[in-house]
Amino acid sequence: MSAVPAEFWTSLPLGPGVRLLNADRNGLAAFDKPAGVLAHPNHPGEASRSLLNAAYTLDGEFFEWPAPVGAGSKDAGGGARLSVPPRRLWLLNRLDSGTSGVILVAASEELAATIRKLFRQKHIKKIYHALVFGAPGRASEVWKDRLAVQKKAGQIRTAVGGNIPSEASMQVLQAHRSGSPPLALIRLEPRTGRSHQLRVQCAGRHLPIVGDATYGNYGLNRDFARHSGLKRLCLHSNHTEFSYESGGKTHSFSATAPTPKEFLQALGKT
């Protein structure tokens, strides 16, 4: 596999507020996706507010856009530059529009297949930070639930009480117990990857994520948004790390997207 030049990453048609966190020579990269930005466009006209402002192929799960002018190589006689095919970038995981943080991409289909296999085998460590209403009773614990996941009219809804085993570890990072309402910043590490798993597991323990309009507390969200100005889902993909094989070698990759300042400000921290 040939090395991917740094120029490839600097020429990307990034979406609003999206920034590159890390990229390696094999073509693996991580971005920090802001809340409100789509992982990929779902309908015509949404490209401008997705991870890349580019066309997206759902079947192949890749973005595609024209190569920059002058990107082709000159012919053997030193004449005009030869045309080059459109550029592509394969999306490796998804975050809900309201969730911010680390999201992975690959510059080749071969590498994309390798990393997607690691996701299926649960060999990728993911850590999330969530701002929740309430105060966890313990500083850390393992959450185990059985969930039900339904898909209707293109919408996913998850609930406690199904037959899908789901597990995550929780650790309290900071807490403001005397507030009204009390708030806590918690670290969540899912050990299974169910749709909306963390949001449902938090809500099921009376720790709804701030700003969660689907599984959260409507009244608390409304009142908190009014006096704090914080009007987003407060779930953030903070860190991702794993090792993968490429070119007969083992490579380590990690990326960290700092906890959003608005989470800390809501706790009275700076």
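Our subject is the structure that appears above.
Residues numbered from 1 in each chain as written. Predicted model: local features only at pLDDT ≥ 70, side-chain atom pairs only at ≥ 80, totals over all residues. Heavy atoms only, no water.

J.: Explain helix α2 (residues 109-120) to me, please; I cannot follow it from the model alone.
T.: Owing to its 3.6 residues per turn, the α-helix brings residues three or four apart onto one side. Across its 12 residues, α2 extends 16 Å between first and last C-alpha, which sits within 8% of the 16 Å expected from 1.5 Å per residue. Those residues of α2 not exposed but buried are L111, A112, I115, R116, L118 and F119. Down the axis of α2, the sector holding all buried residues measures 155 degrees, keeping them to one side. In α2, the exposed residues that point more than 90 degrees away from the buried face are E109, E110 and R120. (Helix = DSSP H or I, 4+ residues; strand = E, 2+ residues; numbered from the N terminus. Expected span 1.5 Å × (residues − 1). Buried < 20%, exposed > 50% of the residue type's maximum accessible area, 1.4 Å probe, protein only. Arc of directions from axis to C-beta.)

J.: Even after reading the chapter, I still don't get the pattern of salt bridges, so can you show me in this structure?
T.: Any two side chains of opposite charge can pair, on the condition that their charged atoms come close. Here the structure, examined in full by the defined rule, presents 14 salt bridges. A salt bridge links R116 to E61; the shortest N-O distance between them is 3.7 Å. Of this pair, R116 sits in helix α2 while E61 sits in the loop between β3 (55-57) and β4 (62-65), and the two are 55 residues apart along the sequence. Classification of E61 by relative accessible area gives partly exposed; the value is 22%. Each of the salt bridges in this network shares a partner with another, and the network as a whole consists of E61, R94 and R116. (Salt bridge = Lys/Arg side-chain N within 4 Å of Asp/Glu carboxyl O.)

J.: Just checking my understanding: could you explain the side chain of H40 for this structure?
T.: Note that H40 resides in the loop between β2 (28-33) and β3. On the basis of relative accessibility, which here comes to 8%, the residue H40 falls in the buried class. Among residues more than four places away in sequence, those in contact with H40 are S50, Y56, L58, F63, L91 and R94. (Contact = heavy atoms within 4.5 Å.)

J.: Which parts of the structure should I look at to understand the nonpolar core?
T.: Ranked by size, the top nonpolar core spans 47 residues in total, and within it W9, F31, L51, L89, I186 and L188 carry the most contacts. If you look at the next biggest cluster of nonpolar residues, it comprises 19 residues, including L28, A30, V102 and F119. (Core = buried A, V, L, I, M, F, W, Y, C linked by side-chain atoms within 4.5 Å.)

J.: Would you take a moment to explain helix α4 (residues 218-228) for this structure?
T.: For α4, every residue scored as buried is listed here: N221, F224 and A225. All buried residues of α4 fall inside an arc of 100 degrees around its axis, so they share one side. In α4, the exposed positions angled more than 90 degrees off the buried face are occupied by R226 and H227. Here the buried face of α4 lies against β7 (125-133), β11 (183-190) and α5 (261-266). With its phi angle positive at about 80 degrees, G229 sits one or two positions after the end of α4.

Just distances and angles here, no functional claims.
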